[in-house]
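Summary of structural features
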Amino acid sequence: MALPVVLVHGIRVSRTMWDPVVGRLDRPALAVDLPGHGSRRGETFAMAAATEAVADAVDHVGGRALLAGLSLGGFVGIAAAGRYPERVAGLVAIGCTARSTHLARLYRAAAALAARFPAQANQFSAYAFRRALPRPAADAVLAGGLTSEVLPAVVTAVAGHDQLGALAGYPGPVWLVNGDRDPFRADERAYLAACRDGRLVRLPRTGHVTALADPVRLARLIEDAAAHAERHDRTRSAI
C-alpha cells in the first residue's frame, strides 16, 4: 500500500483548504480539522490537542503517514513529528520557518483584535483570500468557514512551542517549503540546520497564502516527498 498523507490546514480556515490538492494525489490522503477550526469550531486550541488530532488522523489511515501542513499546519506538523516520530514517515512543512517569538510580537495584537471582532475579521479574511487566490482555491479555503476568534490561542500555543527542538528530535526526512516572497521564511536557515535529515525547497514568485494557488505543483511536491519517505522507510527496514 502506498504511504498515506495527512494534511494540516492553516490558521482560522479548515481541512477543506486541501481539497484541490487531495483530488490530485495518487495515494490515500486525509485532511484533518484542528481544534477551534472547521467542524471543531468552539473547541479550545492548544498544541497538545492539535498534535493529538494529527496522530488520530494518522492512526485512521494506517498508523504511519507523511504529514504535510501549511502555516499553522506546518507548525503543528513539526510539533506532531517531534511528539510522535514513530507515526510520521516524513514531513512537508510549508510557510512556517519564522521563529515563534518573532511571530508572537507581530501577531498578538492583531489576533486580539480579530477575536474581539470575529465577524468583521472573517469578512476581511474572506476578501483577502479571494483577492490572493484563483477562484477554485479560494472557494476551497472558505468552504469550511472561518474562525478568527481562535487566533489568540493559536498565537500563544505556537509561541510557546519549541519548533527547533522538535525538528532536532525528529529522525525522519523533512522538506521545508517556502515561497520566495513569503515573510514566514525569515529563519529558514535555522530551521534547516535543526533538521537531522532536511532539505529546503523554494517556490518561485510565491507568497504565503499563494502557495495554495497551484494545487498541481503542491500535489506533485507532496507525491515526491511521500515517495522519498517510502524509500527511507524501506532502507531503514533493511538495516
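Please refer to the structure placed before this passage.
Description of the structure in this document.

The rules behind each value
Residues numbered from 1 in each chain as written. Predicted model: local features only at pLDDT ≥ 70, side-chain atom pairs only at ≥ 80, totals over all residues. Heavy atoms only, no water. Disulfide = S-S within 2.5 Å. Buried < 20%, exposed > 50% of the residue type's maximum accessible area, 1.4 Å probe, protein only. Pairing = 2+ DSSP bridges. Helix = DSSP H or I, 4+ residues; strand = E, 2+ residues; numbered from the N terminus. Axes fitted to C-alpha atoms, helices over the stretch in contact; angles between N-to-C directions. Polar contact = N/O pair within 3.5 Å; in protein donor to acceptor, adjacent residues only side chain to side chain. Contact = heavy atoms within 4.5 Å. Phe/Tyr/Trp six-rings, centres within 6.5 Å; stacked < 30°, edge-to-face > 60°. Lys NZ or Arg CZ within 6 Å of the ring centre and 35° of its normal. Expected span 1.5 Å × (residues − 1). Parallel < 35°, antiparallel > 145°, perpendicular 65-115°, else oblique. Left-handed = near helix turned anticlockwise from the far one by under 90°. Nonpolar A, V, L, I, M, F, W, Y, C, P; charged D, E, K, R; others polar.

What follows concerns the state of the cysteines. Working definition of a disulfide: a covalent bond connecting the sulfur atoms of two cysteines. The full count for this structure, using the stated rule, is 0 disulfides. Left unpaired, Cys 195 is separated from the closest cysteine sulfur, that of Cys 96, by 9.8 Å. Among the residues examined, Cys 195 registers a relative accessible area of 11% and is labelled buried.

Time to look at the sheet that holds strand 2 (residues 29-32). The 6 strands lie next to each other as 2-1-3-4-5-6, forming an open sheet whose pairing is parallel. Each edge of the sheet is formed by a strand with only one pairing partner; in this case those strands are strand 2 and strand 6 (198-203). Across the sheet, the mean angle separating the axes of adjacent strands is 20° when strand polarity is ignored. The pairing of strand 3 (residues 65-70) with strand 4 (residues 88-94) spans 6 bridges and is classified as parallel.

Further remarks concern the side chain of Thr 51. Within the secondary structure layout, Thr 51 lies in helix 2 (residues 47-60). A polar side-chain atom of Thr 51 sits 2.8 Å from a polar atom in the side chain of Arg 83. For Thr 51, the residues in contact, after removing those within four places along its chain, are Val 76, Ala 79, Ala 80, Arg 83 and Tyr 84.

Our next topic: the packing of aromatic side chains. Tallied over the entire structure, the rule returns 1 aromatic pair. Between Tyr 107 and Phe 184, the ring centres sit 6.0 Å apart and the planes meet at 35°, which makes this aromatic pair tilted. Pair noted here: Tyr 107 is in helix 4 (residues 100-116) and Phe 184 is in the loop between strand 5 (174-179) and helix 9 (188-194), with a separation of 77 residues, a long-range link. By relative accessible area, which is 11% here, Phe 184 ends up buried. The lysine or arginine in question, Arg 199, covers the ring of Trp 175, its NZ or CZ lying 4.7 Å from the ring centre.

Helix length check: helix 3 (residues 72-83) (12 residues) gives 16 Å between terminal C-alpha atoms against 16 Å at 1.5 Å per residue, within 8%. In terms of residue burial, helix 3 counts as a mostly covered element, since 10 of its 12 residues are buried. Buried within helix 3 are the following residues: Leu 72, Gly 73, Gly 74, Phe 75, Val 76, Gly 77, Ile 78, Ala 79, Ala 80 and Ala 81.

A few words now on the environment of Val 61. Here Val 61 is to be found in the loop between helix 2 and strand 3. You can call Val 61 buried: its relative accessible area is 16%. Between the C-alpha atom of Val 61 and that of Ala 194, which follows or precedes it by 133 residues, the distance is 29 Å.

Turning to the pairing of strand 5, a few remarks are in order. Along strand 5, 6 of the 6 residues are buried, which leaves the element largely enclosed by surrounding structure. Burial of the side chains of strand 5 extends over both faces: Val 174, Leu 176 and Asn 178 are buried on one face and Trp 175, Val 177 and Gly 179 on the other. The pairing of strand 4 with strand 5 spans 4 bridges and is classified as parallel. The residue bridging Ala 93 from the neighbouring strand is Leu 176, located in strand 5. Note: strand 5 against strand 6, 6 bridges, orientation parallel.

All right, on to the packing of helix 5 (residues 118-132) against helix 6 (residues 135-143) then. One way to put it is that helix 5 packs onto helix 6 with a least axis distance of 8 Å and a crossing angle of 155°. Relative to helix 6, the element helix 5 lies roughly antiparallel. Helix-helix and strand crossings are classified by hand; for helix 5 and helix 6 the assignment is right-handed. Residue-level inspection shows Ala 126, Phe 129 and Arg 130 of helix 5 in contact with helix 6, the latter providing Ala 138, Asp 139, Val 141 and Leu 142. Per-class residue counts for the contact of helix 5 with helix 6 are 5 nonpolar, no polar and 2 charged.

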